[in-house]
2 protein chains.
Amino acid sequence: MDVSRLTRNAVDVLPADGLAEKLKLGRPLRVKLGIDVTSPDIHIGRAIPLQRMRAFQDEGHTGVLIIGDYTTRIGDPSGRSAERPILSDEEIDANAKTYLDQAMIILDPDRTEVRYNGEWLAKLSYADVVGLARTITVARILERDDFDKRMKAQEPISISELLYPLMQAYDSVAIQADVELGGTDQLYNLLAGREVMPHYGLEPQIVLTTPLLLSWDGAKMSSSVGNNIPLTAAPEEMFGRTMRISDDQLGQWYELILEQQVPDGGPLEAKLALARFLVARSHGGEAAQAAEEHFARVVRRGEAPEDVPELALDGEDPVHLPKLIADGGLAASTSEARRLIGQGAVKLNGEPVSELDVPRAALAGSLLQVGKRRFARLTL
Amino acid sequence: MDVSRLTRNAVDVLPADGLAEKLKLGRPLRVKLGIDVTSPDIHIGRAIPLQRMRAFQDEGHTGVLIIGDYTTRIGDPSGRSAERPILSDEEIDANAKTYLDQAMIILDPDRTEVRYNGEWLAKLSYADVVGLARTITVARILERDDFDKRMKAQEPISISELLYPLMQAYDSVAIQADVELGGTDQLYNLLAGREVMPHYGLEPQIVLTTPLLLSWDGAKMSSSVGNNIPLTAAPEEMFGRTMRISDDQLGQWYELILEQQVPDGGPLEAKLALARFLVARSHGGEAAQAAEEHFARVVRRGEAPEDVPELALDGEDPVHLPKLIADGGLAASTSEARRLIGQGAVKLNGEPVSELDVPRAALAGSLLQVGKRRFARLTL
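The rules we used
Residues numbered from 1 in each chain as written. Chains lettered and ligands numbered in written order. Predicted model: local features only at pLDDT ≥ 70, side-chain atom pairs only at ≥ 80, totals over all residues. Heavy atoms only, no water. Contact = heavy atoms within 4.5 Å. Buried area = accessible area lost by both parts, 1.4 Å probe. Polar contact = N/O pair within 3.5 Å; in protein donor to acceptor, adjacent residues only side chain to side chain. Helix = DSSP H or I, 4+ residues; strand = E, 2+ residues; numbered from the N terminus. Nonpolar A, V, L, I, M, F, W, Y, C, P; charged D, E, K, R; others polar. Core = buried A, V, L, I, M, F, W, Y, C linked by side-chain atoms within 4.5 Å. Buried < 20%, exposed > 50% of the residue type's maximum accessible area, 1.4 Å probe, protein only. Axes fitted to C-alpha atoms, helices over the stretch in contact; angles between N-to-C directions. Left-handed = near helix turned anticlockwise from the far one by under 90°. Phe/Tyr/Trp six-rings, centres within 6.5 Å; stacked < 30°, edge-to-face > 60°. Pairing = 2+ DSSP bridges.

(A) Molecular detail of the interface of chain B and chain A. Between chain B and chain A, the contact holds 30 residues from the first and 30 residues from the second. For the pair chain B and chain A, the summed buried surface comes to about 2,700 Å²; carbon and sulfur atoms form 74% of the total. Area buried by chain B at its contact with chain A is led by Tyr 126, Arg 134 and Ile 159 of chain B, which between them contribute 32% of it. At the boundary of chain B with chain A, the tally comes to 12 residue pairs in polar contact (both at pLDDT 80 or more). For the side of chain B that touches chain A, the secondary structure elements donating two or more residues are helix H6 (126–133), helix H7 (138–142) and helix H9 (159–175) of chain B. Of the residues assigned to the side of chain B that touches chain A, the class counts are 23 nonpolar, four polar and three charged.

Here it is in structure tokens:
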């Protein structure tokens with residue numbers, strides 16, 4: 001048994017020798033990954049722990065994918081200074097459906113068990129919640145970096161937020177997890193599962209965390225910020241967005257996504273290979289080839305000159321494009337810029353723009369084209 | 001409207017002018033008192049807020065008595081360093097029944113609405129609990145003296161304990177309380193009700209707290225310590241226990257129980273009148289007279305000499321009576337003392353003793369009699 005293949009890129013494996021012990025059980029392990037369904041997309045960063053689940057599946061283990069329909073009603077406080085907005089039941093159901101389709105891009109469907117945590121959480125009474133809450137102390141929960149910072153900054157933490165990790169922990173009880181996977185931002189939630197399980201007569205699960213894949217702007221990928229690459233992004237968009245990462249990021253992206261070193265041949269070639277891989281994984285080889293040709297034509301070659309002047313995004317966020325274009329001298333006025341946008345004569349990375357206001361992070365690094373001859377590279 | 005009659009002996013009335021405002025509504029106010037049913041008895045100390053409820057009832061308001069059958073399953077963390085033991089459903093039901101009988105010694109049954117909080121709390125789901133928990137911050141709950149001390153002493157506080165005040169607060173929502181009564185140790189729980197109610201579209205309740213009536217040993221009355229006087233204690237026992245309070249305590253007891261000043265005539269006469277009142281309230285005038293005669297016969301007059309020597313309770317707790325008697329020179333040996341107890345020849349305040357081990361607090365101040373002639377006054 002090649003444990004190192006299972007733990008590749010892991011940040012934490014807790015306890016250190018626990019996984020080897022579990023593997024000695026000689027039966028398929030139940031490897032849990034819980035995902036909340038706060039947005040309709042899984043981005044390639046959230047696919048990193050899915051890739052670990054696939055590695056377990058390839059060794060004969062069972063991936064148990066928890067769709068957090070019930071937990072999504074609360075919102076995960078991890079790494080956030082405010083609670084997430086509450087989604088409607090309809091939005092949650094719709095998101096859950098698209099999530100599954102996307103997860104199966106990475107997973108082996110034959111070795112995947114899909115469960116919705118409403119199945120068991122909706123049955124718990126106040127007394128059950130109290131029994132569950134009895135297993136963890138306040139101090140233990142407040143140790144978490146995110147809570148600790150907020151307590152020190154005297155920012156309010158609602159008691160409801162303390163109940164979130166307990167729900168996730170109870171998921172591990174309900175499905176009798178042997179291993180739980182998650183990003184490093186989930187470490188304390190996963191450890192809560194370890195603490196709770198023995199109170200329900202179960203061996204504590206092994207916790208395995210993976211690094212966060214940062215976006216081209218150096219921040220965590222987020223659909224609300226607009227710096228993410230969904231697994232189901234259109235081929236051209238996925239290709240173009242991947243090409244926006246800096247040369248410095250290539251090492252991490254190769255290691256986490258392709259699980260290999262950056263090949264020789266220079267950063268541009270490496271980025272193209274990476275973008276090709278991502279599009280092929282989601283959409284197949286033909287789509288990848290078409291996306292690359294599109295990219296080469298309109299973004300790299302196309303009409304863009306060799307040296308494109310830079311235009312700094314130093315105004316408001318979101319950026320009002322007509323103002324940016326007029327201030328940057330790419331159109332005579334904001335009204336002309338607005339007219340050009342309406343005609344489809346303004347393009348970002350070769351794609352016509354339809355919106356007037358775009359989040360700054362979504363623009364950073366893009367090639368802006370106005371009419372046939374005016375170009376600018378947008379920078380932060 | 002005589003507000004001062006309603007707030008007599010109150011420690012806190014919050015907000016200060018809130019009660020006068022509520023009284024202007026011109027309808028009977030709903031005056032809540034919640035009691036957990038952790039033991040079968042209500043002692044005379046816990047009857048103090050019941051007396052306030054009675055004062056409201058005498059002015060035409062409605063007393064809403066919440067039997068905390070559901071909350072008792074958790075245990076109130078107030079003023080305790082450990083969570084209370086969980087009672088069985090049968091014990092809870094039995095205690096709830098005796099509680100009601102006892103409460104009606106003080107209350108006006110025609111103006112009392114009795115509710116069990118399982119009625120609404122048992123219906124709440126995990127999502128409902130989370131919605132409720134969203135209304136209060138962790139910092140707010142940890143402000144409580146008891147939690148604060150335990151956090152600073154690094155003693156564990158389980159998350160379940162934070163959910164207790166929320167249940168009590170939700171009781172106020174469910175019965176639409178105008179006023180909530182409680183001992184000073186309940187202040188934060190009552191204030192939690194004020195915070196939660198507006199989130200459910202209700203005006204916050206007025207909070208009115210009463211002082212704790214301390215027992216003869218200066219501690220909070222507790223059936224587990226044995227220093228309490230249950231409302232249903234047998235007449236002789238109630239009389240004898242009341243007589244054990246110190247002269248210094250007379251002022252507080254008169255003020256809280258009789259709502260009047262200590263009368264002239266000396267402390268002994270005042271204590272007798274107090275004991276007489278308490279027994280008459282619970283058992284009627286004849287029982288009070290009989291209890292007083294019993295007390296005079298066996299405890300004061302009886303065979304007890306004028307000057308009884310003192311015997312200090314400085315050994316282990318609970319006190320092993322045979323050892324106490326032998327060490328105190330009231331019997332030749334522990335085995336003789338044990339034999340005398342078996343024969344009913346050892347009495348405490350005139351009552352034969354049947355147990356060999358008695359909590360120290362239950363003995364303090366008692367008159368110990370061994371055989372016909374040997375006496376000692378037990379002191380701490």
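Next comes the rest of the description.
(B) Expanded view of unusual backbone geometry. Cis geometry marks the peptide bond from Leu 14 of chain A to Pro 15 of chain A; its omega dihedral reads -10°. With respect to the helices and strands, Pro 15 of chain A occurs in the loop between strand E1 (12–14) and helix H2 (18–23). Backbone torsion omega between Asp 317 of chain B and Pro 318 of chain B reads 5°, so that peptide bond is classified as cis. Mapped onto the elements of the fold, Pro 318 of chain B is located in the loop between strand E7 (310–312) and strand E8 (319–320). Despite not being glycine, Asn 9 of chain A shows a phi value in the positive range, around 70°.

(C) How the structure looks around the nonpolar core. Counting 64 residues, the largest nonpolar core has Tyr 126 and Leu 163 of chain A together with Tyr 126 and Leu 163 of chain B as the members making the most contacts within it. Residues within four places of Tyr 126 of chain B in sequence aside, it is in contact with Tyr 70, Leu 121, Leu 124, Val 129, Leu 132, Leu 163, Leu 166 and Met 167 of chain A. Within the second largest apolar cluster, 57 residues are counted, among which are Ala 47, Leu 65, Ala 96 and Tyr 99 of chain A.

(D) Molecular detail of the packing of helix H9 (residues 159–175) of chain A against H6 of chain B. Direction vectors running N to C along H9 of chain A and H6 of chain B enclose 150°, while the axes themselves pass 7 Å from each other. Classified by chirality, the crossing of H6 of chain B by H9 of chain A is left-handed. Of the residues in H6 of chain B, those in contact with Ile 159, Ser 160, Leu 163, Leu 166 and Met 167 of chain A of H9 of chain A are Tyr 126, Val 129, Val 130 and Ala 133 of chain B. Here the residues of the contact of H9 of chain A with H6 of chain B are counted per class, giving eight nonpolar, one polar and no charged.

(E) Region of the structure containing the packing of aromatic side chains. Applying the stated rule across the entire model yields five aromatic pairs over all chains. Aromatic pair Tyr 70 of chain A and Tyr 126 of chain B: ring centres 6.5 Å apart, planes at 75°, arrangement edge-to-face. With Tyr 70 of chain A in the loop between strand E3 (62–68) and helix H4 (89–106) and Tyr 126 of chain B in helix H6, this residue pair bridges two chains. Centre to centre, the rings of Phe 239 of chain A and Phe 295 of chain A are 5.5 Å apart; their planes meet at 45°, and the pair counts as tilted. Highlighted residues: Phe 239 of chain A in helix H11 (residues 235–242) and Phe 295 of chain A in helix H14 (residues 285–300), separated in sequence by 56 residues.

(F) Structural view of the pairing of strand E6 (residues 206–210) of chain A. All names here are of chain A. Counted residue by residue, E6 has five buried out of five residues, so it is predominantly covered. With burial as the criterion, each face of E6 is covered, one bearing Ile 206, Leu 208 and Thr 210 and the other bearing Val 207 and Thr 209. Across five bridges, strand E5 (residues 179–183) lies against E6 in parallel orientation. Within the sheet, the bridge partner assigned to Gly 183 lies in E6 and is Thr 210.

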